[in-house]
Amino acid sequence: MADHAIHGNYVDFYDEQGPHKGVLAWILSTDHKRIGLMYLIALTTFFCIGATIGVLMRLEMLTQGRTIMGPQTYNSLFTLHGLIMIFLFVIPGIPAVFGNFFLPIMLGAKDVAFPRLNLLSWYFYIGGGIFAILSLFLAGGPIDTGWTFYVPYSLRTGTDVSWMILAAFILGFSSILTGLNFITTIHRMRAPGMGWFRMPLFAWSIYATAWIQLIATPIVGITLALVAIERLFGVGLFDPALGGDPILYQHMFWIYSHPAVYIMILPAMGVVSEIIPTFAHRTIFGYKAIAVSSLAIAFVGYFVWGHHMFSSGMSDTARWIFSLFTFLVAIPSAVKVFNWTATLYKGSIDLKAPLLFVLAFIFVFSIGGLTGLILGALATDIHLTDTYFVVAHFHFVVFGGTGFIFFAALHYWFPKMFGKLYNDRVAKVAISIIVLGFMMLYFTFFILGYEGMPRRYYDYLPQYHGLHVFATVGSWVMITGFIVMFANLFYAFKKGPRAGMNPWGGMTLEWTVPSPPPQENFEEIPVITHGPYDYHAQEEAKEKQEEFNHSAEDEK
Amino acid sequence: MADNKLHTGSSETSAPHIVNYSTYVLVWLALLAFTAATVAVAGINFGGITLLIALIIAAAKASLVLNIFMHIRFDDVVFKVFVGIAIMTLLAVFIFTFADYIFR
Amino acid sequence: MSGASNYAQSVDNSFIYIVTISVIILLGVTFTMIYFVIRYSRKRNPRPTNIEGNLALEVVWVTIPTLLALSMFYYGFTTFAELRKVPKGAMTVKVTGQMWKWSFEYANGKRYDTLYVPVNKPVKLELTSLDVVHSFYIPSFRIKEDAVPGKKDYLVFTANNTGKYQVECAEYCGMNHAYMLNQVIVVPEDQFAAWLNENSNAPSAVSNAHGGVPGAVPENVPGKLQGLQNDTVGGGASNPK
Amino acid sequence: MSKIPDAAVVNAALPSGRPDEEHLLEAHGHKDKMGSKIGMWLFLLTELLLFGGMFLIYGIYRYMNNEDFHTAGQGMNTIIGALNTVILLTSSLTVAMSITALQKGNKKLSLTLLGFTIFFAVWFLVNKYFEWSHEIRSGIYPKSPELLNRSQGEILFFGLYYVMTGIHGLHVIIGIVVLSFMVSFIARDRVTSTDYSKLENAGLYWHLVDIIWIFLFPLFYLLR
Ligand code: HEA
Ligand code: HEA
Ligand code: CUA
Ligand SMILES: [Cu+2]
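Please read these numbers as outputs of a predicted model, since none were measured by experiment.

Focus on helix 4 (residues 93–107) of chain A
Residue and element names in this part refer to chain A. Between its first and last C-alpha, helix 4 extends 20 Å over 15 residues, near the 21 Å set by a 1.5 Å rise per residue. G99 marks where helix 4 bends most, by close to 60 degrees. The element helix 4 is extensively covered by neighbouring structure, given that 15 of its 15 residues are classed as buried. A positive phi of about 80 degrees marks G108, the residue just after helix 4.

Encoded structure:
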């Protein structure tokens, strides 16, 4: 990075001379910032691959019958799309990229607690990704089970399930190690004076997320491993022909995979809680409520997994218990939404691109969450489960929730990470196009689902044709938006004007270090004397200054 | 207060707790006794509670290992909280899964 | 009672209930948000007021959503309970799923590849599968339940009108999952009785009317699927001749 | 809720209110014993949950096929199971004592005790080997015709038996490797009476392996 010269009197982390040169300086680095950036590159790449597959799927759905591929190909594509998006994009997602880059800085630390372990989890992540890609080219061909690996189909299909499971297992390991690292970091590395309730809310959400990663991931790890063992050795575990119970597999899978949706959304909620105060330029409304609701979501999130199984043949008692808890888990999310809205009240709002993203998020996520309630209610879920209604719900929360905020975070912290400013106007245009395409694409799915279009269907009945075409057009609108967005960021990266230390006027610690930050983040570990969004002090200082000016004038 | 309990900033400054050999040996003897008991009891049929007895004995053994061998008793509270979180989660997961099978 | 089956209406009612509340909340949140962003923009309001929180407000917006959510749960639950009650004298039909077709067996031993049922009479479907998990889904009736190998599950409904209704497999089951279609044909009771006692096990012309051949669909699917045109949700059913 | 974190309490005790240097060095430097212990415990919890998942599967299947499980359990060798339990418990004792020995500065005793631990671990595996090969010789292994002839519950029982004791055995092997490293570390004074947190963590891991076995034993070997 030639133009990252020495700025004034410090050397940023890009230019710091380590023991290694070139690529090695990156892939052998234990610096949390470099690891974060390596994740960023890897994740964005996988996102683009997954999104391209999604667009191909939409293209297939443009007409009835065969458009560009056969059913087997389509089945493999949605499986890969789901696996890539879930395990390689949204689950590592925000913690791996922005957690790594910013958590230590926001806590006032020089690095995470276990820097080498951190690099190891990056290698696991890449290793898992490579295995996933490799599995496509092995004997059996690309996996076609859907991302849920339901038995007994996953035991019967001839495709390469075991390799993909190995990949998922490795990725799980990566996720666990990251979580472990972050919990330890938060317990041990906070700057002096930073009590639990002086942590930025992003750190809180990472903390809650890390616990879910730690406690839930092993269960899916072992469950998937058992499926692979059963495939390889014929051990009787889940196969009904050998006495196994397919529904037990579903329990085991969702025990992890429901909490996993909170692994995806909690960090996004944390980022939202950072962006809103910064651009509203005031303290967050209900700090403690937001912090504690993260823990509440993590906790209650364990007891609702059965809502994915309402029509699976689970006992009726279990169905209503899980339904009840599903409604309870929505409450902490509601608390957050209300507190965010209230934070805008009497703020001094600067509607920059990151905030626009966040407003879009609140709207879209609320739709996703509220339709989650429809799915959580027993009677309606029986009708809607395994239809496009579910597909719509989870694209709203996963893509509109985590996906949008991933890119919002990129816009928010871009100046800090790269020391450059992007064009705000262009970014806002891109966001508007994306939201428009998003609604065209996914809102249509709600209607399709309600009218009885099942998911994972290669083909459809004539009455669904119009809506499918409309959705496909929506996906093209979305591509346009994303291309504009990426182009804008890329241009800024190359040619953008230099960013100052604190372009948005944020209060958390990352805005007190230069952009990009120096190798060790802080020259001196800061001592924390107030909460993370303490705009009071700033305001008071301003007032004092003005008073002083006044009195100075008076004296004249 | 919760935040103070969870915080782990200063307690490690106290000197390390060294457990005597004799304590360990006593615990070991107790563990052997429990093992003998559980094998002996397995021979007798208590009907439905046979399994329960075996599990209670196993839990007693595990808690001895946790508390003494693994020093949970002498260590900082965070570790107790951590282990508590894991065990409670596991327990809850068992209860909710059985809520399906028992009412089938 | 309106709707294609006895449950369709009550399921739709709970749907409408939740959607109504949701839309109100969604619009409330969205417009408040937009209003704040405009009213308190930096131009209009250069000096922010720092409000740390408000306990009363916090309590209100925990309590009200909780109550609303619980009411939604209750509505969904009671409707569902109704869905699971097997009325006395329900006619049992054994439904077996396999890749990629459904087959039906009646109490008198008659097997058929399309589901015929009498109108206005409770029917209990006993679902199972021979290979992988499938799911028996009748969108117009708002019901669905998985067919799990090695296990029996059930589904109950009473058809309100005669007609043909689409059946779809709703649990992914491999290559031709999308072609595992079938239909329910609801006929008057006397007609049904006559049909039931017919001796032919071969599919009649009627049952193939939907053209999409269940089962055997090759990788290159020729032609287009022909569903039951009128069978969108809320639409009526086509009357049998 | 206290707004004063304890780091601040420590700071307040310092005359100028400057950050407590010691705490900083500990937590922000590279030798944070407490931190590494937290990390280790968190890792152990994931192991606990991993086996917990398998225990859950066992529990459900036993609940569904209680009779078959009992029939299958008749064939298990209680004596080897009990012997292995005693072996593992004793190895837990020796590893715990070796930490005490090191803390007291008795390097030699510590090494000896660790040696015993590894010896017990190997013994455990040898027993396991004989046990498995006995089962396999009598025709009970996955997909064997003998097993497929049995009831479904029995197939599940033996499936779980092989998988759960197998994965546990894998952990024993990992434990042996880890403990061998500790032997070499102590021998080369990389782990000492003042800096023993590596040994402590290895010991924790070994105890966990023991705890898992404490539960496996009654579930597979004591069905009468
Ligand atoms: C980021 C990921 C994410 C998030 C956050 C959520 C959040 C929620 N989800 Fe979703 N869900 C998925 C990802 C996610 N989900 C995925 C991927 C699937 C499909 C998996 C598959 O089968 O492939 C799925 C499937 C799924 C199902 C199963 C559908 C089926 O297959 O039949 C259900 C059923 O209950 C459900 C419910 C919910 C609920 C109640 C919430 C709640 O947490 C939502 C809470 C939020 C709100 C409620 C909105 C904000 C609040 C307000 C605006 C205030 C007003 C609130 C009240 C009145 C309560 N989800
Ligand atoms: C984060 C998660 C995530 C994201 C972002 C997406 C993004 C998209 N998804 Fe989805 N999807 C899932 C997670 C996600 N998905 C999951 C978990 C499933 C379930 C799988 C299963 O059933 O097992 C699923 C299933 C699923 C289905 C249902 C398949 C079926 O049931 O038959 C469909 C149908 O159209 C779909 C479409 C799309 C499309 C068109 C996009 C688009 O990608 C959105 C448009 C965005 C872009 C285009 C990005 C811009 C990209 C670039 C700039 C790169 C250049 C690209 C091109 C030039 C093409 N997805
Ligand atoms: Cu059968 Cu899908
Ligand atoms: Cu869920």
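So much for the structure itself; the text now carries on.
Notes on the pairing of strand 9 (residues 163–169) of chain C
Residues and elements named next belong to chain C. Within strand 9, seven of the seven residues are buried, leaving the element largely enclosed by the surrounding structure. Burial along strand 9 is two-sided: G163, Y165, V167 and C169 facing one way and K164, Q166 and E168 facing the other are all buried. Here strand 6 (residues 134–138) pairs with strand 9 via two bridges, running antiparallel. Within strand 9, the position partnered with Y137 by the bridge is E168. With five bridges joining them, strand 9 and strand 10 (residues 182–187) adopt antiparallel strand pairing.

Looking at the coordination of the copper ion (ligand 4)
All names here are of chain A. Ligation of the copper ion (ligand 4) by protein atoms is provided by H258 (ND1), H307 (NE2) and H308 (NE2), these donors lying 1.9 to 2.1 Å from the ion. Spacing between the donor residues of the copper ion (ligand 4) along their common chain follows H-x48-H-H. In this structure, the copper ion (ligand 4) is positioned 4.4 Å from the iron atom of ligand 1. Taken as a pair, H258 in helix 9 (residues 246–280) and H308 in the loop between helix 10 (287–300) and helix 11 (316–344) lie far apart in primary sequence, 50 residues in all. A relative accessible area of 3% means that H258 is categorised as buried.

Focus: the nonpolar core
Core analysis: the biggest nonpolar cluster contains 382 residues, and F98 and W413 of chain A together with Y106, F136 and F157 of chain C have the highest contact counts within it. The leading source of residues in this core is helix 9 of chain A, at 22 residues. In this structure F98 of chain A touches L103, F202, F406, A409, L410, W413 and M417 of chain A, once residues within four positions along its chain are discounted.

What about the coordination of the iron atom of ligand 2?
Residues and elements named next belong to chain A. The protein atoms donating to the iron atom of ligand 2 are H81 (NE2) and H395 (NE2), with metal-donor distances spanning 2.0 Å. Its six donor atoms give the iron atom of ligand 2 angles of 85 to 179 degrees at the centre, a pattern that matches the octahedral case. Taken together, the residues H81 in helix 3 (residues 71–90) and H395 in helix 14 (residues 388–418) connect sequence positions 314 residues apart. For the residue pair H81 and H395, the accessibility class agrees, reading buried in each case.

Structural notes on the sheet that holds strand 4 (residues 115–118) of chain C
Residues and elements named next belong to chain C. With respect to topology, five strands assemble into an open sheet ordered 4-10-9-6-7, the strand pairing being mixed. Because the sheet does not close on itself, it has two edges, and the strands there are strand 4 and strand 7 (143–147). Shown here is a sheet whose adjacent strand axes are inclined to one another by a mean of 25 degrees, direction ignored.

Notes on the interface of chain A and chain C
Between chain A and chain C, the residue contacts involve 93 residues of the former and 85 residues of the latter. For the chain A and chain C pair, buried surface summed over both sides reaches about 7,800 Å², with 65% attributable to carbon and sulfur atoms. The three residues of chain A that bury the most area against chain C are F338, Y450 and Y457 of chain A, which together make up 8% of that side's buried surface. Connecting chain A to chain C are three salt bridges. E145 of chain C is paired through a salt bridge with R319 of chain A; the nearest N and O atoms lie 3.0 Å apart. Our count for the contact surface shared by chain A and chain C stands at 30 residue pairs in polar contact (both at pLDDT 80 or more).

Cut-offs and rules
- Residues numbered from 1 in each chain as written.
- Chains lettered and ligands numbered in written order.
- Predicted model: local features only at pLDDT ≥ 70, side-chain atom pairs only at ≥ 80, totals over all residues.
- Heavy atoms only, no water.
- Helix = DSSP H or I, 4+ residues; strand = E, 2+ residues; numbered from the N terminus.
- Expected span 1.5 Å × (residues − 1).
- Bend = angle between axes of the 7 residues up to and from the residue.
- Buried < 20%, exposed > 50% of the residue type's maximum accessible area, 1.4 Å probe, protein only.
- Pairing = 2+ DSSP bridges.
- Donors = N, O, S within 2.8 Å, 3.2 Å for Na, K, Ca; no water.
- Core = buried A, V, L, I, M, F, W, Y, C linked by side-chain atoms within 4.5 Å.
- Contact = heavy atoms within 4.5 Å.
- Tetrahedral: all angles 85-135°; square planar, octahedral: opposite > 155°, others 65-115°.
- Axes fitted to C-alpha atoms, helices over the stretch in contact; angles between N-to-C directions.
- Buried area = accessible area lost by both parts, 1.4 Å probe.
- Salt bridge = Lys/Arg side-chain N within 4 Å of Asp/Glu carboxyl O.
- Polar contact = N/O pair within 3.5 Å; in protein donor to acceptor, adjacent residues only side chain to side chain.

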